[in-house]
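Summary of structural features
Residue-level listing of the chains:
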Number of protein chains: 2
Amino acid sequence: MRVHVAFTPAEAASSTVGIVVDVLRATSTIAQALATGYERVYCCGEIDDALALKERLGDAILGGERNAVRIDGFDAGASPREFLGEPRAKAVVFSTTNGTRAILETAARSDHVLLGSLLNLDAVASAARDLDDDVTIVCAGFQGTFAIDDAYCAGRIVQLLGAEPSDSAKAADAIARAWPDAHDGLLARTYGPPGLEEDIAFCAQVGVLDIVPRLRRMVDGAAEITTD
Amino acid sequence: MRVHVAFTPAEAASSTVGIVVDVLRATSTIAQALATGYERVYCCGEIDDALALKERLGDAILGGERNAVRIDGFDAGASPREFLGEPRAKAVVFSTTNGTRAILETAARSDHVLLGSLLNLDAVASAARDLDDDVTIVCAGFQGTFAIDDAYCAGRIVQLLGAEPSDSAKAADAIARAWPDAHDGLLARTYGPPGLEEDIAFCAQVGVLDIVPRLRRMVDGAAEITTD
């Protein structure tokens, strides 16, 4: 079993198991939504795709952001804290700047797609170990470039997998070791807009959700994510 | 002054100062060749370009590799140890799998292009500090993906610059700190063909060359590198 880390989606090669990581905030938020009781999350690349799918599904809310701001007319943004409490529908139709696109790209290249975050760190690593095949951890990054929060989380997953690491997997491990505290690791981030302090603190919780979001199937070009 | 690291050439954005790093072996070898007394090194992307330029220049030797093997008919491969002793000509016309291409791509995007390696670590960092402008360190990588030896050297440069780091610059710093000994850092590499042990040991020498290879001008599509 080997593990490789793609620090940006463009670097990702095909592999049997793909773990997509967008700690701030898409994969954290999807894990939280499924843990809260939403049955399915549909990841759409474009806003128009999301609107059309929500129309077709009926019992769903729209969630997502562009440049960290809630999309106009959507029911929720991309904060995991907006998906706490009683579910407002059976499903979430979701579209974000970097994360949902990384999920769609990984869906096209991998037999199994899991979503990783610090929130479900132990669960996702355990599920990947159970699949017992080569893993590529795909960091969503920020606008096509390296993001340290995703690399940090990738390193934490590498540490738990115990698989034979590629160069980038060794590097991610070193990055994770540089910040023993996860919150410090996420605060090392320099990119993106300010004002996400509470979400960063929320997403820095390690292993609090025993849940593994997985790609179940593609629906009208969207990735249907469940815990089945 | 800010510093950013592109772990692959594809990630590199435009910046005033570009430092290209291909520790194993292109930028190490070019530094050694100039230190030995070759006056200029011409970096060519393709073998045919190298052959044509050597024909036009006359007083030059051909050096380079594809997949770590000396190009058929060339006077030297890409080992820095082949460029020790008395210079065999005034110039070297050079073409390698990853490094010379990264140099050409950086030449198209930066006002100043310096070549960095462990051999000339202190000299290149000092020269970049003197330019006192935003720096992008461009790692050549391996076939478009992350290479830990280049990331390691990039991190050592970041540490010496003392500039405001991007996410990737902080990550490179963490990678460098993970291997206090440079030889260990280079030996962490997992990619590429075996059999480079002596070159790896040679290229792991830190700060032994007080030389800064720079892009002087483009000549017939080749990057002319000198120490002027």
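These remarks concern the structure in this document. (Residues numbered from 1 in each chain as written. Chains lettered and ligands numbered in written order. Predicted model: local features only at pLDDT ≥ 70, side-chain atom pairs only at ≥ 80, totals over all residues. Heavy atoms only, no water.)

For side chains of opposite charge, pairing can occur when their charged atoms come near one another. All names here are of chain A. Within this structure, the stated rule accounts for 26 salt bridges over all chains. Arg 56 is the partner of Asp 220 in a salt bridge, and the nearest nitrogen-oxygen pair spans 2.7 Å. Linking Asp 220 in the loop between strand S10 (214-219) and strand S11 (222-226) with Arg 56 in helix H2 (residues 47-57), this pair joins segments that are 164 residues apart in sequence. Each member of the pair Asp 220 and Arg 56 is classed as exposed. (Salt bridge = Lys/Arg side-chain N within 4 Å of Asp/Glu carboxyl O. Helix = DSSP H or I, 4+ residues; strand = E, 2+ residues; numbered from the N terminus. Buried < 20%, exposed > 50% of the residue type's maximum accessible area, 1.4 Å probe, protein only.)

Turning our eyes to something else, we now look at the layout of surface pockets. All names here are of chain B. Approximately 470 Å³ is the volume attributed to the largest pocket. Those elements giving two or more residues to the lining of the largest pocket turn out to be strand S1 (2-6), strand S8 (135-139), strand S9 (164-165) and helix H6 (167-178). With three residues, S1 is the largest single contributor of residues to the lining of the largest pocket. Residue composition of the lining of the largest pocket, by class: seven nonpolar, nine polar and four charged. (1 Å grid on protein atoms, 1.4 Å probe; cavity = no way out; pocket = protein on both sides within 12 Å on 5 of 7 lines; lining within 4 Å. Points joined across faces, edges and corners; volume = space filled by probe spheres on them. Nonpolar A, V, L, I, M, F, W, Y, C, P; charged D, E, K, R; others polar.)

Turning to the side chain of B:Ser110, a few remarks are in order. Residues and elements named next belong to chain B. Examined against the element boundaries, Ser 110 turns out to sit in strand S7 (residues 110-116). For Ser 110, a relative accessible area of 12% corresponds to the buried category. The contact partners of Ser 110, leaving out residues within four places of it in the chain, are Ser 15, Thr 16, Val 17 and Gly 18. (Contact = heavy atoms within 4.5 Å.)

Now for the interface of chain A and chain B. Counting from both sides, the interface comprises 24 residues of chain A and, opposite them, 24 residues of chain B. Sorting the residues of chain A by area buried against chain B places A:Glu11, A:Phe146 and A:Asp167 first, and these three jointly supply 36% of that buried surface. Remark: the boundary between chain A and chain B carries six residue pairs in polar contact (both at pLDDT 80 or more). Breaking the side of chain A that touches chain B down by element, the ones donating at least two residues are helix H5 (148-161) and helix H6 (167-178) of chain A. Per-element tally for the side of chain A that touches chain B: the top contributor is H6(A), with eight residues. When the residues that make up the side of chain A that touches chain B are grouped by side-chain class, the tally is 12 nonpolar, six polar and six charged. (Buried area = accessible area lost by both parts, 1.4 Å probe. Polar contact = N/O pair within 3.5 Å; in protein donor to acceptor, adjacent residues only side chain to side chain.)

So, on to empty space enclosed by the protein. Residue and element names in this part refer to chain A. If you walk through the whole model with that rule in mind, you get one cavity of 30 Å³ or more. One number sums up the size of the largest cavity: a volume of about 200 Å³. Contributing to the lining of the largest cavity are 18 residues, with Leu 24, Glu 65, Ala 68, Asn 98 and Phe 142 lying nearest its centre. Class assignment of the residues belonging to the lining of the largest cavity gives a composition of eight nonpolar, six polar and four charged.

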